[in-house]
Amino acid sequence: MVTKTKTKAAVELPLNQILDGDCIEVMNSLPENSVDMIFADPPYNLQLKGELHRPDNSKVDAVDDDWDQFDSFKAYDQFTRAWLKAARRILKPNGAIWVIGSYHNVFRMGAELQNQGYWILNDVIWRKSNPMPNFRGKRFTNAHETMIWASKSEGAKYTFNYEALKALNEGVQMRSDWVLPICTGHERLKDENGDKAHPTQKPESLLHRVLVGATNPGDVILDPFFGTGTTGAVAKMLGRDFIGIEREAAYRKVAEKRISKVRKFDKEALTTTPSKRAEPRVPFGQLVERGMLRPGEVLTSPRGKTAKVRADGTLISGDARGSIHQVGAALESAPSCNGWTYWHFKQDGKKAPIDLLRQQIRAEMN
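Residues numbered from 1 in each chain as written. Predicted model: local features only at pLDDT ≥ 70, side-chain atom pairs only at ≥ 80, totals over all residues. Heavy atoms only, no water.

- Taking an unreviewed UniProt entry as the reference, the chain is identified by name as Methyltransferase belonging to Aliiroseovarius pelagivivens.
- What UniProt states about the chain under its Sequence similarities (unreviewed entry) heading is, verbatim, "Belongs to the N(4)/N(6)-methyltransferase family."
- According to UniProt, the comment filed for the chain under the heading Catalytic activity (unreviewed entry) is "a 2'-deoxyadenosine in DNA + S-adenosyl-L-methionine = an N(6)-methyl-2'-deoxyadenosine in DNA + S-adenosyl-L-homocysteine + H(+)". (UniProt positions renumbered as here; feature names shortened; annotations may be inferred.)

Shown next as structure tokens:
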């Protein structure tokens with residue numbers, strides 16, 4: 001007699017939905033290792049004392065909502081510990097998390113991230129090009145917020161679209177200080193009374209950069225403090241799936257209306273510049289096999305060094321012989337060398353890097 005055991009049915013992810021409830025309870029109900037990235041904008045615990053007024057005595061619409069009120073730092077730390085633990089459980093092994101905060105809370109979150117085994121990759125400074133002034137004149141103007149980017153664990157193969165971010169920055173390597181404006185004008189969402197729908201609404205430009213740089217189309221991004229849905233709106237535009245968690249009904253209502261109007265970009269528009277590491281591998285020997293370079297042909301370096309191509313795809317130069325990288329390193333007395341950019345061949349009477357030939361093959365492969 002064969003005994004049948006019941007297998008637990010896989011729980012389907014509630015993709016592209018805004019879930020009502022406590023973020024810790026909802027995350028604990030989701031499948032383990034199921035989301036690619038988490039973007040979290042938790043309560044900052046601003047500890048505001050009394051009302052804040054401008055020089056003309058008008059009241060500042062500051063963050064004084066109940067969800068930002070904690071009795072003590074201990075209570076806030078317990079809350080941080082619980083939601084980060086729930087978040088780590090649902091992250092895939094190669095997933096990553098972004099948390100954003102101010103000086104009130106970001107250091108406490110950073111310590112807890114490390115305590116729980118997350119591996120911090122970068123802290124990114126969002127420098128606001130149009131910050132709110134310091135009305136009391138007793139401190140520096142708070143002109144930035146800090147984001148911490150961390151993988152689930154040390155050694156995780158997280159997503160980083162380096163070339164795409166470089167292209168976004170006009171060919172210059174993206175730095176860890178980002179100058180972007182806060183929400184104003186048409187982007188600032190209003191409620192039925194014409195007031196701010198959310199006091200800490202993040203700009204779409206910030207999420208655009210995060211998602212282009214650290215996720216791929218089809219990835220699942222979870223936001224446990226969804227607010228008015230900036231993460232969901234940008235995720236939908238960029239062809240990513242999202243899961244939002246928000247306990248405040250008023251915020252959910254605004255977010256649902258906002259996201260319903262968002263149009264996903266077409267497939268061609270969603271394609272970004274791939275990382276060179278992600279491009280197909282092309283052995284140098286393939287250039288020789290295909291007759292793009294002939295055995296006996298002489299390659300030159302920028303400094304006038306020469307090497308001869310051999311039939312097996314290696315080079316020889318005096319006593320140095322081996323791969324294009326090994327021979328280049330030997331001639332330069334260097335520990336390593338990128339032979340693809342180091343060695344040049346003649347094309348139409350001019351010198352060109354052999355990497356051009358590799359790119360021709362890659363273009364055919366794609």
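## Remarks on the pairing of strand S6 (residues 177-180)
Working step 1: Judged by which residues are buried, S6 turns out to be one-sided: Trp178 and Leu180 face inward and are buried, whereas Asp177 and Val179, on the alternate face, are not.
Working step 2: By the bridge criterion, four bridges tie strand S4 (residues 119-128) to S6 in an arrangement that is parallel. From the neighbouring strand, Trp126 faces S6, where its bridge partner is Trp178. (Buried < 20%, exposed > 50% of the residue type's maximum accessible area, 1.4 Å probe, protein only. Helix = DSSP H or I, 4+ residues; strand = E, 2+ residues; numbered from the N terminus. Pairing = 2+ DSSP bridges.)

## Here we look at unusual backbone geometry
Working step 1: The phi dihedral of Ser333 is positive, around 50 degrees, even though this residue is not glycine.
Working step 2: For Ser333, the position within the fold is in the loop between helix H10 (324-332) and helix H11 (339-342).
Working step 3: Under the relative-accessibility criterion, Ser333 is labelled exposed at 70%.
Working step 4: Not every positive phi belongs to a glycine, and Asp348 is a case in point at roughly 55 degrees.

## Some details on the packing of aromatic side chains
Working step 1: Under the counting rule described, the total for this entry stands at eleven aromatic pairs.
Working step 2: Their ring planes at 15 degrees and their centres at 5.4 Å tell us that Trp98 and Trp149 sit as a pair that is stacked. Of this pair, Trp98 sits in strand S3 (residues 91-101) while Trp149 is found in strand S5 (residues 144-151), placing the two residues 51 residues apart along the sequence.
Working step 3: Residue Trp98 is classed as buried on the basis of its relative accessible area, which comes to 4%.
Working step 4: According to the relative accessible area criterion, Trp149 is buried, its value standing at 5%.
Working step 5: For the ring pair Trp149 and Tyr158, a centre distance of 5.3 Å and an interplane angle of 85 degrees mean the geometry is edge-to-face.
Working step 6: The structure contains a cluster of three or more aromatic residues connected by ring pairs, namely Trp98, Trp149, Tyr158, Phe160, Tyr162 and Trp178.
Working step 7: Looking at Arg88, its charged tip hangs above the ring of Tyr118, at a distance of 5.7 Å from the centre.
Working step 8: Positioned above the aromatic ring of Trp178, the side-chain terminus of Arg209 is 5.0 Å from the ring centre. (Phe/Tyr/Trp six-rings, centres within 6.5 Å; stacked < 30°, edge-to-face > 60°. Lys NZ or Arg CZ within 6 Å of the ring centre and 35° of its normal.)

## Quick look at the nonpolar core
Working step 1: In terms of nonpolar packing, the biggest core is built from 35 residues, with Trp98, Met147 and Trp178 touching the most fellow members.
Working step 2: Counting residues per element, this core draws most heavily on helix H5 (residues 204-214), at six residues.
Working step 3: Once residues within four sequence positions are removed from consideration, Trp178 is found in contact with Trp98, Val124, Ile125, Trp126, Arg127, Met147, Leu206, Arg209 and Val210.
Working step 4: Tyr76, Ala87, Ala150 and Ile243 belong to the second-largest nonpolar core, a separate cluster that totals 30 residues. (Core = buried A, V, L, I, M, F, W, Y, C linked by side-chain atoms within 4.5 Å. Contact = heavy atoms within 4.5 Å.)

## Examining the packing of helix H6 (residues 230-237) against helix H7 (residues 249-260)
Working step 1: Contact geometry for H6 and H7: axes closest at 9 Å, N-to-C directions at 15 degrees. Regarding the angle of H6 to H7, the classification is roughly parallel. Judged by the sense of rotation from one axis to the other, the crossing of H6 with H7 is right-handed. The segment H6 lies against H7, with Thr230, Gly232, Ala233 and Lys236 engaging Arg258, Ile259 and Ser260.
Working step 2: Here the residues of the contact of H6 with H7 sort into two nonpolar, three polar and two charged. (Axes fitted to C-alpha atoms, helices over the stretch in contact; angles between N-to-C directions. Parallel < 35°, antiparallel > 145°, perpendicular 65-115°, else oblique. Left-handed = near helix turned anticlockwise from the far one by under 90°. Nonpolar A, V, L, I, M, F, W, Y, C, P; charged D, E, K, R; others polar.)

## Describing the environment of Val327
Working step 1: Inspection of the secondary structure puts Val327 in helix H10.
Working step 2: On the accessibility criterion, Val327 (1% relative accessible area) is buried.
Working step 3: Distance from Val327 to Ser317, taken between C-alpha atoms, is 7.3 Å for residues ten residues apart in sequence.
Working step 4: With near-sequence residues (within four places) excluded, Val327 lies in contact with Ala307, Leu315, Ser317, Ala320, Arg321, Gly322 and Trp343.

## Some remarks on the pairing of strand S13 (residues 344-347)
Working step 1: Pairing between S13 and strand S14 (residues 350-353): four bridges, direction antiparallel. Within the sheet, the bridge partner assigned to Phe345 lies in S14 and is Ala352.
Working step 2: Here S13 folds back onto S14 in antiparallel fashion, the turn holding two residues, of which Asp348 has a positive phi close to 55 degrees.

## So, helix H12 (residues 355-365)
Working step 1: Buried within H12 are the following residues: Asp355, Leu357, Arg358, Ile361 and Arg362. Take H12 and look down its axis: the buried residues cluster within an arc of 155 degrees, on one side only. Away from the buried face of H12 by more than 90 degrees, exposed residues Ala363 and Glu364 are located.
Working step 2: Packed against the buried residues of H12 are helix H9 (284-289), H11, S13 and S14. (Arc of directions from axis to C-beta.)

## So, H5
Working step 1: Of all eleven residues in H5, eight are buried, a share of seventy percent or more.
Working step 2: For H5, the full list of buried residues reads Leu206, Leu207, Arg209, Val210, Leu211, Val212, Gly213 and Ala214.

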